[in-house]
Amino acid sequence: MDILVDRIILDGETILISHFEMDNTGGQRRIAAHFPVTSEDYHNVTTLLYKGEFDVHLPAKEITFRGKIVEYSTSVTNLYESGQVGTFQLTLLEVKE
């Protein structure tokens, strides 16, 4: 049975996700996640993502690793307008230390 992953934690910040995939690429974990971002949360989320590299924790799978963004996109380019919701797509690759 596959465990439902409904959140990822990046540097201690919880992100509720709507889609999750995980695989192994060359011995490194790769996760892809989609998550909604409201105009109210936009600034905090993008400020976090600008870091580019994070301590990644998947509570549902009891997995923790250091990861960096390798792909990132959003369905909406202007979330500064109140009441907007965009879907962010994020792919992280494990960083070998």
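See the structure above.
The sections below set out a description of the structure shown in this document. (Residues numbered from 1 in each chain as written. Predicted model: local features only at pLDDT ≥ 70, side-chain atom pairs only at ≥ 80, totals over all residues. Heavy atoms only, no water.)

What follows covers the overall build of the chain. Check the secondary structure of the chain and you find one helix and seven strands. Helices and strands appear in the chain in the N-to-C order β-β-β-β-α-β-β-β. On C-alpha atoms alone, the chain measures out to a radius of gyration of 13 Å, which is about the 13 Å that the 2.2 N^0.38 rule sets for 97 residues. Counting only C-alpha atoms, the chain reaches 40 × 30 × 20 Å along its principal axes. Sorting the 97 residues of the chain into buried and exposed places 34% on the buried side. Residue pairs in contact within the chain that sit at least 24 positions apart in sequence constitute 56% of those at least 6 positions apart. (Helix = DSSP H or I, 4+ residues; strand = E, 2+ residues; numbered from the N terminus. Rg over C-alpha atoms; globule rule 2.2 N^0.38 Å. Buried < 20%, exposed > 50% of the residue type's maximum accessible area, 1.4 Å probe, protein only. Contact = heavy atoms within 4.5 Å.)

Spatial ordering of the open sheet is given by β2-β1-β5-β6-β7-β4-β3, a layout of seven strands whose pairing is antiparallel. Only two strands of the sheet have a single partner each, and these edge strands are β2 (13-16) and β3 (19-25). Strand-to-strand twist of the sheet, defined as the mean angle between neighbouring strand axes without regard to direction, takes the value 35°. (Pairing = 2+ DSSP bridges. Axes fitted to C-alpha atoms, helices over the stretch in contact; angles between N-to-C directions.)

This next bit is on the nonpolar core. Residues I8, L10, I17, I31, F35, L49 and F88 are the most contacted members of the largest nonpolar core, which totals 24 residues. Setting aside its immediate chain neighbours within four residues, L10 contacts I15, L48, L49, F54, D55, V56, L90 and L92. (Core = buried A, V, L, I, M, F, W, Y, C linked by side-chain atoms within 4.5 Å.)

Glancing now at the environment of I69. Looking at the secondary structure, you find I69 in strand β6 (residues 63-74). Relative accessible area serves as the criterion here: at 24%, I69 is assigned to the partly exposed category. In this structure I69 touches L49, G52, F54, L90, T91 and L92, once residues within four positions along its chain are discounted.

What follows covers the side chain of T91. By the element assignment, T91 lies in strand β7 (residues 85-94). Apart from residues no more than four positions distant in its own chain, T91 is found in contact with R30, I31, A32, K68, I69, V70 and E71.

All right, on to the packing of aromatic side chains then. Working definition: an aromatic ring pair is given by the centre-to-centre distance plus the angle between the planes. Applying the stated criterion across every chain yields a total of three aromatic pairs. Ring geometry for F35 and F88: centres 5.7 Å apart, planes at 40°, overall tilted. Of the two residues, F35 sits in strand β4 (residues 28-38) while F88 sits in strand β7, which places them 53 residues apart along the sequence. An aromatic cluster is built from F35, Y42, Y72 and F88, whose rings are joined through pairwise contacts. (Phe/Tyr/Trp six-rings, centres within 6.5 Å; stacked < 30°, edge-to-face > 60°.)

Below, the discussion takes up helix α1 (residues 42-49). For α1, the set of buried residues is Y42, V45, T46, L48 and L49. Along the axis of α1, the buried residues cluster in a sector spanning 155°; they form a single face. (Arc of directions from axis to C-beta.)

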